[in-house]
Amino acid sequence: MNIENKTVLITGANRGIGQALVNEALRRGAKRVYAGTRGAPTITDERVTPLTLDVTSAEQIQGAVDKVDTLDVLINNAGIALYDDLSNSGAIEQSLAVNLFGSFNLTRAFLPLLRRSKGAIINNLSLLALAPLPVIPSYSISKAAAFNMTQSQRALLAREGVTVHGVFLGPIDTDMNRGFDIPKASPESAAAGIFDGLANGEEDIFPDPASQSIAEGWRTGVAKAFERQYAGFLPPSAA
Ligand SMILES: NC(=O)c1ccc[n+]([C@@H]2O[C@H](COP(=O)([O-])OP(=O)(O)OC[C@H]3O[C@@H](n4cnc5c(N)ncnc54)[C@H](OP(=O)(O)O)[C@@H]3O)[C@@H](O)[C@H]2O)c1
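### A few points about the pattern of salt bridges
Considering all chains together, one arrives at 15 salt bridges under this definition. Among the salt bridges present, the one from R178 reaches D175, with a minimum N-O distance of 3.2 Å. For D175, a relative accessible area of 41% puts it in the partly exposed group. Each of R154, E203, D204, K224 and E227 takes part in a single network of salt bridges with overlapping partners.

Next up, the structure:
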């Protein structure tokens with residue numbers, strides 16, 4: 001799907017990759033960009049509609065639904081990463097609340113509009129969905145769960161004409177990984193890679209150099225083969 005003349009909703013739109021996605025959507029000619037933020041919006045443009053949107057708040061999700069009349073692309077971008085050591089369940093619960101249930105609940109709320117437009121859902125995942133970084137294990141768990149959810153959503157929504165895309169981001173230069181002294185791609189290049197992947201119809205999007213290095217292996221690997229095989233078990237009536 002090409003983003004030109006489309007409506008797109010982006011969560012976590014005030015900084016980092018979310019902010020870059022807003023700018024890139026505008027650059028590519030999006031008709032309307034709904035920018036979901038917890039605090040004050042950072043981008044003002046006549047095509048940008050700010051939405052107060054904490055993805056853990058059922059009330060704010062409903063408030064957002066009430067303000068959007070048509071939607072082509074939902075980008076579940078908001079996320080948190082906590083340093084922890086799995087010594088208790090608190091960090092897992094917080095990470096799941098935003099990175100899994102936030103995306104899940106927002107997707108459910110906007111599904112009627114996405115069904116109507118035969119739209120697309122983009123879930124910003126991470127290479128850590130495939131293997132954990134043990135300094136942020138709870139984050140890794142939440143991204144693995146969100147990845148698995150993405151695969152089921154893809155199979156369940158395919159016959160309704162809604163496509164579901166997972167983005168396997170590698171290290172991007174944002175506040176989230178300030179502490180890691182490693183090569184990082186710019187948020188602008190990652191945002192462009194995400195919209196390029198959508199335009200190319202890629203269900204798994206690898207938008208930066210680190211993620212691109214494993215793209216071919218992933219697409220031809222055993223896990224992808226299982227995903228396709230298991231999706232075939234879905235009875236037609238379930239779709
Ligand atoms: N940076 C990386 O290297 C990297 C790598 C792999 C995946 N990712 C993923 O890419 C996405 C964006 O990350 P980023 O690097 O741009 O992170 P970031 O700079 O830390 O920004 C995170 C964004 O998420 C928002 N957010 C956090 N909790 C929220 C909530 N409960 N409701 C709504 N918004 C919330 C933040 O809003 P506030 O400003 O209000 O806190 C902020 O806009 C995340 O899903 C992240 O896991 C990033």
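Read on for the rest.
### Looking at the sheet that holds strand β4 (residues 73-76)
Pairing is parallel in the open sheet, where seven strands are placed in the order β3-β2-β1-β4-β5-β6-β7. Each edge of the sheet is formed by a strand with only one pairing partner; in this case those strands are β3 (48-52) and β7 (204-205). Relative to β7, strand β6 (residues 163-167) runs parallel, the two being bridged by two bridges. Paired with V167 across the strands is I205, a residue of β7.

### Examining the packing of helix α3 (residues 90-117) against helix α4 (residues 137-157)
To characterise two packed helices, one gives the angle between the axes of the helices and the distance between these axes. Two elements in contact, α3 and α4, have axes separated by 7 Å at closest approach and are oriented at 20°. When the axes of α3 and α4 are compared, the pair comes out roughly parallel. Once α3 is placed against α4, the crossing between them reads as right-handed. The residues of α4 that touch α3, namely those facing A91, I92, S95, L96, N99, L100, S103, F104, T107 and L111, are S138, Y139, I141, S142, K143, A145, A146, M149, Q153 and L157. Residue composition of the contact of α3 with α4, by class: 12 nonpolar, seven polar and one charged.

### So, the pairing of β4
What you see with β4 is no split at all: V73 and I75 on one side and L74 and N76 on the other are buried throughout. Sheet topology note: the strand β1 (residues 7-11)/β4 ladder contains three bridges and is parallel. Residue V8 lies in a different strand from β4, and its bridge partner there is V73. Tracing the backbone out of β4, into α3 and back to the parallel element strand β5 (residues 120-124) gives a crossover that is right-handed.

### Side note on the nonpolar core
By size, the foremost hydrophobic cluster in this structure holds 29 residues, and its most contacted members are V8, I10, L21, V22, V33, V73 and I75. Every element with two or more residues in this core is listed here: β1, α1 (16-27), β2 (32-37), β4, β5 and α5 (187-199). Looking at which element gives the most residues to this core, the answer is α1, with six residues. Residues L9, L51, L71 and L114 belong to the second largest nonpolar core, which totals 21 residues.

### Some words on the pairing of β6
Counting buried positions over the five residues of β6 gives four, a clear majority of the element. Here five bridges tie β5 to β6, and the two strands are oriented parallel to one another. Note on β6: the bridge partner recorded for I122 is H165. For the crossover from β5 across α4 to β6, the handedness is right-handed. In the classification by handedness, the crossover that spans β6, the intervening α5 and the parallel β7 is left-handed.

### Notes on the site of the ligand
N14, R15, R38, Y139 and T174 are the nearest of the 28 residues found near the ligand. Within the side chain of D54, one N or O atom sits 3.0 Å away from a nitrogen atom of the ligand. Measuring from an oxygen atom of the ligand, one finds a backbone N or O atom of N77 at 2.7 Å. In the complex, 93% of the free accessible area of the ligand, which totals 890 Å², lies under the protein chains. Residues of the shell around the ligand, tallied by class, amount to 12 nonpolar, 11 polar and five charged.

Quick notes on the rules
- Residues numbered from 1 in each chain as written.
- Predicted model: local features only at pLDDT ≥ 70, side-chain atom pairs only at ≥ 80, totals over all residues.
- Heavy atoms only, no water.
- Salt bridge = Lys/Arg side-chain N within 4 Å of Asp/Glu carboxyl O.
- Buried < 20%, exposed > 50% of the residue type's maximum accessible area, 1.4 Å probe, protein only.
- Pairing = 2+ DSSP bridges.
- Helix = DSSP H or I, 4+ residues; strand = E, 2+ residues; numbered from the N terminus.
- Axes fitted to C-alpha atoms, helices over the stretch in contact; angles between N-to-C directions.
- Parallel < 35°, antiparallel > 145°, perpendicular 65-115°, else oblique.
- Left-handed = near helix turned anticlockwise from the far one by under 90°.
- Contact = heavy atoms within 4.5 Å.
- Nonpolar A, V, L, I, M, F, W, Y, C, P; charged D, E, K, R; others polar.
- Right-handed = clockwise from strand over helix to strand, strands pointing away.
- Core = buried A, V, L, I, M, F, W, Y, C linked by side-chain atoms within 4.5 Å.
- Near = heavy atom within 4 Å.
- Polar contact = N/O pair within 3.5 Å; in protein donor to acceptor, adjacent residues only side chain to side chain.
- Areas by Shrake-Rupley, 256 points an atom, 1.4 Å probe, with all protein chains shown as cover.

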